[in-house]
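# What the coordinates show
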Amino acid sequence: MTDTAHHAGTRSAEGALALHEPRNEGTAPDLDWALDARANQSAIERRAATLPSRRSVKKEWQAAWLARAVSCIDLTTLSGDDTPGRVRRLCAKAARPMRQDLLDAIGLPDLTVGAVCVYHEMVPAAVEALRGTNVPVAAVSTGFPAGLSPFDLRLKEIERSVAEGAREIDVVISRRHVLTRDWQALYDETRTMREACGEAHMKAILATGELGTLRDVARASRVAMMAGADFIKTSTGKEAVNATLPVTLVMLRAIRDYGERTGFKVGYKPAGGISKAKDALSYLALVKDELGDRWLRPDLFRFGASSLLGDIERQIEHFVTGRYSAAHRHAMG
Amino acid sequence: MNEIASIFESMEYGPAPEAAQPATDWLEGHGRRFGHFVDGAWTKPGETFETAAPRDGEVLAEVTQGTDGDVAGAVKAARRAQKGWVALGPEGRARHLYALARGLQKHARRFAVLESLDNGKPFREASGIDLPLAVRHFYHHAGHARLMPEMVPGRTPLGVCGQVIPWNFPLLMLAWKVAPALAMGNTIVLKPAEWTPLTALAFCDLALEAGLPKGVLNVVTGDGATGAALVAAEVDKVAFTGSTEVGRRIREATAGTGKRLTLELGGKSPYIVFDDADLDSAVEGLVDAIWFNGGQVCCAGSRLLVQEGIAGAFHARLRDRMASLRVGDPLDKAMDVGAMIHPDHLAAVRAAVAAAPAHAEVHQGEAPEGCFFPPTLVTGLQPADRLMQEEVFGPVLVSSTFRTPAEAVAMANDSRYGLAASVWSENVNLALGVAPKLRTGIVWVNGTNMLDAAAPFGGVKESGFGREGGTEGLLAYTKDAAERPKLARVAPATGGGGPADPLDRTHKMLIGGRQARPDGGQSRPVFGRGGGHLGTVSLANRKDVRNAVEAAGAAKGWSATSGHLRAQILWYLAENLAAQAGRFADRIDAMAGKGGAQEVEDAVSALTAAASWADKFDGAAKGVPIRGLALALREPVGTIGILAPDDAPLLGLVAPIAAALAMGNRVVAVASQAMPLAGTDLIQVIETSDVPAGALNLLTGDHAELAPHLAGHMDLGACWGFSPGLDAVVEREAARDLKRTVVTNGRGRDWTGSMRWLLEAATEVKTVWVPYGEG
């Protein structure tokens, strides 16, 4: 484990972006390999269904795991009514995700979330608000959430977001390339976006809820990684179905397969619908069991979530005080 | 460093203990000392033995060693209670079963913790799998009780059932035994396993609380001697789940007693992975196949067969997965594998792995000190290796490779066992093509260890017989309500002199499509009732039996034919027999003195009935709670040996043959001993009716001499002894390979009635689970 990995997610450290792992450079498109992906839905669902009862963490372990979850949150606001003021409030929460007395009580006084995730227009406000914290700003920058604006404009949007200080770019893939089986187009598009990202890290949103089958999730995951995605991400949060444990299992296995072929470690970001502390623990356990402890760090794992943090705060207060908590005892994000 | 900050870095799993209190409170309530549960009350503890928790050796309680007298008393109580239990009727019994289901739910925590403590299985499994399945079994069978007259029309309870259950799923196996027996109006004496008696005893408290009438359920604890006493007691039925070795002894002990018997025994179930499978899911499936309950599962997928080209990659993924399995305290909620049942068993498993051959590679995960054994993978084995053949009953996966689907099937079937199999392939053609070829009672496609009350469960070959679950399971706890006629013993007619026509006719036998002379070169004269010499028949010996079974074994094509084709041939047989009705009637009249015309008519009718059934004795799709199908397929049991009765020399031969053939079995039949000429005359009819060579073989001879060779032949799937006085020898000889038997129980048969019972005996249900869905 690297030093960075040790400290990632705390204010005193470099923050999530200081990857010591070599960045995924992508590979030439090997579409035979991509298409050979298999995903038996029933078996995957059975595994996912039993996981929460197979893995249970209690007491100190639960508190520590929840803190780890916090360190991996991309605290997100992606609404039409976002304003700089709203974003500043979110950033304040990102930099101090819990009441200081609770952070002190669990011995992690400098805990931060993994990143703040906003629309392009909100990037300057977020960058400004997070100055000096090492919490990076992530932008959704490719005609989010549908990804159907002109391609050159989508690339332009990436470049603008990077120029304005976003260190992570969450891009959406063109679902139609998956649905029409134009895998080469999917590869080319994603590869071009990755180039547009430059030094910023790219999370490729597959919008799994719109891909139809788990097999296609596996195929799209493989193509996105070959095209150089630093992370693969489930959802925009706007699809009818967002992150699920079965989809997670498929994507984690794709990451493992890709790693075995290329040696590159690709990150994973489930997004949308993860709002309970208990669910977060299941995701962490699944990542731990499928990929190993190395992935339980913000450089390789993020939750895309907005209300998860609130539930975790209440659980932490319960751990510290022994009493069930209330939402109004914690600062709004 | 603060502990939380340290865990924040290490991200280890911590302890997640489940409190033992709900179980220990109950144990304390009984002073941790138990008698038997008989006639609705606890008996005073007698000579006791200790039952301990495998996880740490802690003594949990003392239970009583059941004596012969204890067993007899319990059986008596069950006998007394049975009439009243039947009198409650379907609705009344259904309510009681419903109350038991609800009661289990109400005390779910107590039962789950107690099971985990006494057995060593992870609490997660006890509470997430054993309990829900047990509850479901009672619910499902409350329904069967309610619907009994419609579900199994014309059937009545057997009476008192003696049930002996194993230690691997103590409560679930109790549910599998108790629910159907009670639903069908039987009463019970149950003996839980010596190592795991506690949940059965807790269930007795539940029965009291739920108001189950006294004597309906009795539980006697003890060791194997108590079990043997129960098998020997005045019970009408013995149901056993456990090792093949003990099952065989029970078959021998009950031979000829008229007791019904069902056996659910061991296995070495193949787990076949084709190269087009979802390999990650197949790896995960193995976690549920061989590391579920520490591999101490009769249907555990313990024999991994991987397609050669992917074996290396598959084993590598499997070893990676083994590294993240957690073995330890069963009461810890984040454990994958708990404790082994007992230090003695642990030693046996350890010895089996230690005996792995030099060419094998043994890979093991980690396990703590104590009664634990690490997840183990043994690769590089060949079918000739003992580890590939014998049941280990522990977390030990053995592996070999195959090249083609046909070779996978051949290797899968290369076993004395036949309980379950898993097939992994994303190709529906491949998976569903392989499933019917596997000689097992259960096939899981892209899955493993799927169980449900609605789906019949049970094995073939030395994995036992009888089904538990579904309507099929109800048959094992009921009998035909119709009174059977007394079995008539018919002595061969005596006489003397030569034949009326000096032109010799030699009545040969039919073996492999040819008329064959007896190997021993012996024959005997057959006389008519008037004393006249009717002809000479061959006396077959054991070598003729051997030849006939071999011929039947070679006629594999018959079992692969369609029901439609078999129907056509049976119709043709009927047609050709009818064409010679007069000759057959005269022959029967000559041998039996009367009744020839009617019997020929009935025999033709049996053939048309069998022909009609050939494509209509359907399986079923079961209502299991998964997205997918659980298909109960009727499969032929194999080659059936038949000892034909004497009371109806033609009909009694033709009806079972016809039923057996209709279902796709091959047949080796021995014609009536007293009146064999009806059988030998039939050979000509058979030869002119397009019956493929070897599908039907017909011998004549002395039944008492042939019975042990026929019933003992290990390439027969079943032996039907309709000849009087041979029940014991047939059942005892059949014990060797646990083939299915039908015997007389001292009663004759109404051969003119429905042949459904014969069709049931001629088939075995295979349950094929096909979970499906994409998108």
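The rules we used
- Residues numbered from 1 in each chain as written.
- Chains lettered and ligands numbered in written order.
- Predicted model: local features only at pLDDT ≥ 70, side-chain atom pairs only at ≥ 80, totals over all residues.
- Heavy atoms only, no water.
- Pairing = 2+ DSSP bridges.
- Helix = DSSP H or I, 4+ residues; strand = E, 2+ residues; numbered from the N terminus.
- Axes fitted to C-alpha atoms, helices over the stretch in contact; angles between N-to-C directions.
- Contact = heavy atoms within 4.5 Å.
- Buried area = accessible area lost by both parts, 1.4 Å probe.
- Salt bridge = Lys/Arg side-chain N within 4 Å of Asp/Glu carboxyl O.
- Polar contact = N/O pair within 3.5 Å; in protein donor to acceptor, adjacent residues only side chain to side chain.
- Nonpolar A, V, L, I, M, F, W, Y, C, P; charged D, E, K, R; others polar.
- Domains from an automatic or database assignment.

Residues and elements named next belong to chain A. Strand order across the open sheet formed by eight strands is S7-S6-S5-S4-S3-S2-S1-S8, with parallel pairing between neighbours. Two strands lie at the open edges of the sheet, namely strand S7 (267-269) and strand S8 (303-305), each paired on one side alone. Each strand of the sheet is rotated relative to its neighbour by a mean of 25 degrees, with strand direction disregarded. Sheet analysis places strand S1 (residues 73-76) next to strand S2 (residues 115-119), joined by three bridges and oriented parallel. Bridging across to S2, Thr76 finds its partner in Cys117.

Moving on to the interface of chain B and chain A. Taken together, the contacts link 45 residues of chain B with 48 residues of chain A. Where chain B abuts chain A, roughly 3,900 Å² becomes buried across the two surfaces, and 49% of that area is made up of carbon and sulfur atoms. Per-residue buried area on chain B facing chain A is highest for Phe8, Met11 and Tyr13 of chain B; these three make up 21% of the total on that side. Counting the contacts that link chain B with chain A gives 10 salt bridges. When the shortest N-O distance is used, the salt bridge between Arg54 of chain A and Asp288 of chain B registers 3.1 Å. Counting across the chain B and chain A interface gives 25 residue pairs in polar contact (both at pLDDT 80 or more). Secondary structure elements with two or more residues in the side of chain B that touches chain A: helix H1 (3-10), helix H12 (279-290) and helix H13 (311-323) of chain B. With seven residues, H1 of chain B is the largest single contributor of residues to the side of chain B that touches chain A. Residue composition of the side of chain B that touches chain A, by class: 17 nonpolar, nine polar and 19 charged.

Turning our eyes to something else, we now look at the domain arrangement of chain B. All names here are of chain B. Taken domain by domain, chain B holds domain 1 (33-265), domain 2 (270-458) and domain 3 (508-622 + 634-763). At the interface, 28 residues of domain 1 touch 30 residues of domain 2. Note on domain 1 versus domain 2: buried area summed over both sides is about 2,600 Å², and carbon and sulfur give 65% of it. Among the residues domain 1 hides against domain 2, the three largest losses belong to Arg55, Trp167 and Trp195. Together they make up 23% of the total.

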